[in-house]
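Here is how the chains run, residue by residue.
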Amino acid sequence: MANLLAGGGWGWPPATELFPSLPGLLRGDAGAGLTNPGVVAEPGALRTWVLITAAVNLLGALGLSVVAYRRWGPGRLRGMASRTEAASLLGLPRLRRHRAVIRPDLYGKDAR
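This report concerns the structure included in the present document. What you see is a predicted model; the values in this text were computed from it and never measured.

Remarks on the overall build of the protein
Turning to step 1, where the next piece is worked out: Looking only at helices and strands, the protein features seven helices and zero strands.
Turning to step 2, where the next piece is worked out: Taking 13 Å as the expected radius of gyration for a compact globule of 112 residues, we find that the protein reaches 29 Å, considerably beyond that expectation.
Turning to step 3, where the next piece is worked out: Projected onto its principal axes, the C-alpha positions of the protein cover 80 × 30 × 25 Å.
Turning to step 4, where the next piece is worked out: Looking at the protein as a whole, 13% of its 112 residues qualify as buried.
Turning to step 5, where the next piece is worked out: Looking at the protein alone, contacts between residues at least 24 apart form 32% of all its contacts between residues at least 6 apart.
Turning to step 6, where the next piece is worked out: Accessible area for the protein stands at about 9300 Å²; split by element, carbon and sulfur atoms hold 63% of it.
Turning to step 7, where the next piece is worked out: Both charge centroids of the protein, one from 14 positive and one from 6 negative side chains, sit 21 Å from each other.

Comments concerning the layout of surface pockets
Turning to step 1, where the next piece is worked out: There is about 630 Å³ of room inside the largest pocket.
Turning to step 2, where the next piece is worked out: Taken together, 24 residues make up the lining of the largest pocket; nearest its centre are Met1, Trp12, Leu25, Leu46 and Val50.
Turning to step 3, where the next piece is worked out: When residues of the lining of the largest pocket are traced back to their parent elements, those giving at least two are α1 (2-5), α2 (22-27) and α3 (43-72).
Turning to step 4, where the next piece is worked out: Counting residues per element, the lining of the largest pocket draws most heavily on α3, which supplies six residues.
Turning to step 5, where the next piece is worked out: For the lining of the largest pocket, the class distribution of residues is 18 nonpolar, six polar and no charged.
Turning to step 6, where the next piece is worked out: Considering only enclosed or pocket space, the second largest pocket measures out at about 510 Å³ in volume.
Turning to step 7, where the next piece is worked out: For the lining of the second largest pocket, the elements supplying multiple residues, two or more each, are α4 (83-90), α5 (92-97), α6 (99-102) and α7 (104-107).
Turning to step 8, where the next piece is worked out: Broken down by element, the lining of the second largest pocket gets its largest block of residues, four residues, from α4.

Here's the deal with the pattern of salt bridges
Turning to step 1, where the next piece is worked out: Under the counting rule described, the total for this entry stands at one salt bridge.
Turning to step 2, where the next piece is worked out: Note that Asp105 and Arg103 form a salt bridge whose closest N and O atoms lie 2.9 Å from each other.
Turning to step 3, where the next piece is worked out: A relative accessible area of 47% places Asp105 in the partly exposed class.

As for the side chain of Ser21
Turning to step 1, where the next piece is worked out: For Ser21, the location among the structural elements is in the loop between α1 and α2.
Turning to step 2, where the next piece is worked out: Look at Ser21 and you get buried, because its relative accessible area is 5%.
Turning to step 3, where the next piece is worked out: Of note is the side chain of Ser21, whose polar atom sits 2.8 Å from the backbone oxygen of Leu18.
Turning to step 4, where the next piece is worked out: Those residues in contact with Ser21 that sit more than four places away from it in its chain are Pro13, Ala32 and Gly33.

Some remarks on α4
Side chains that are three or four residues apart share a direction in an α-helix, a result of its 3.6 residues per turn.
Turning to step 1, where the next piece is worked out: For α4, the tally of buried residues reaches only zero of eight residues, placing the bulk of the element at the surface.
Turning to step 2, where the next piece is worked out: Count one or two residues on from α4 and you reach Gly91, which has phi positive near 85 degrees.

Reading the values: rules and limits
All chains use their own residue numbering, which begins from 1 and follows the written sequence. The predicted origin of the model limits local features to residues at a pLDDT of at least 70 and limits the giving and counting of side-chain atom pairs to 80 or more, whereas totals for whole chains, interfaces and linings rest on all residues. The basis for the side-chain values is all heavy atoms of the structure; hydrogens and waters are excluded. Only DSSP runs of H or I reaching four residues or more are called helices, and only runs of E reaching two or more are called strands; each is numbered from the N terminus. Here the globule rule reads 2.2 Å times residues to the power 0.38, and the radius of gyration is calculated from C-alpha atoms. Throughout this description, buried means an accessible area under 20% of the type-specific maximum (1.4 Å probe, protein chains only), exposed means over 50%, and partly exposed covers the range between. Contacts were defined at the residue level, with two residues in contact if any of their heavy atoms lie within 4.5 Å. The Shrake-Rupley method, run with a 1.4 Å probe, gives the accessible areas here. Residue values count only the displayed protein chains as cover. The charge count treats Lys and Arg as positive and Asp and Glu as negative. His and the chain ends do not count. Where a charge sits is defined by one atom per residue type, namely NZ (Lys), CZ (Arg), CG (Asp) or CD (Glu). Note on definitions: the grid is 1 Å and covers protein atoms alone; a cavity is a set of points where a 1.4 Å probe fits but cannot get out; a pocket is an open set with protein on both sides within 12 Å along at least five of seven lines; lining residues have an atom within 4 Å of a point. Grid points are joined across faces, edges and corners, and a volume is the space filled by probe spheres set on the points. In this classification, the charged set is Asp, Glu, Lys and Arg, the nonpolar set is Ala, Val, Leu, Ile, Met, Phe, Trp, Tyr, Cys and Pro, and all remaining amino acids, among them Gly, are polar. Here, a salt bridge means any Lys or Arg side-chain nitrogen found within 4 Å of an Asp or Glu carboxyl oxygen. By the criterion applied in these results, polar contacts are pairs of N or O atoms within 3.5 Å in which, for protein atoms, one can donate a hydrogen and the other can accept it, and in which residues neighboring in sequence qualify only through two side-chain atoms.

Now the structure itself:
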């Protein structure tokens with residue numbers, strides 16, 4: 001992105017140079033690993049884009065972790081029946097007969 005915004009176009013190193021070029025990129029060499037770099041970004045712009053990319057990746061990983069924790073973590077929702085499932089399992093007459101036990105806030109002795 002830094003080279004693209006500097007006017008050099010999009011560049012991607014060959015697969016054999018991808019990981020060996022990382023130290024050069026972190027030192028500020030925007031042409032590290034590229035076969036024909038052309039116009040490259042300044043070291044400050046490159047470092048800024050590296051930090052932005054790292055922050056976006058960190059926020060994405062954090063967001064995915066929160067979603068996974070809510071879905072599969074210890075506080076997940078378990079054993080909740082829908083209204084139709086409860087009616088089919090218990091039957092409407094039984095639900096009406098035991099409504100004070102099921103929802104004491106609505107049908108209890110001190111109902112509002």
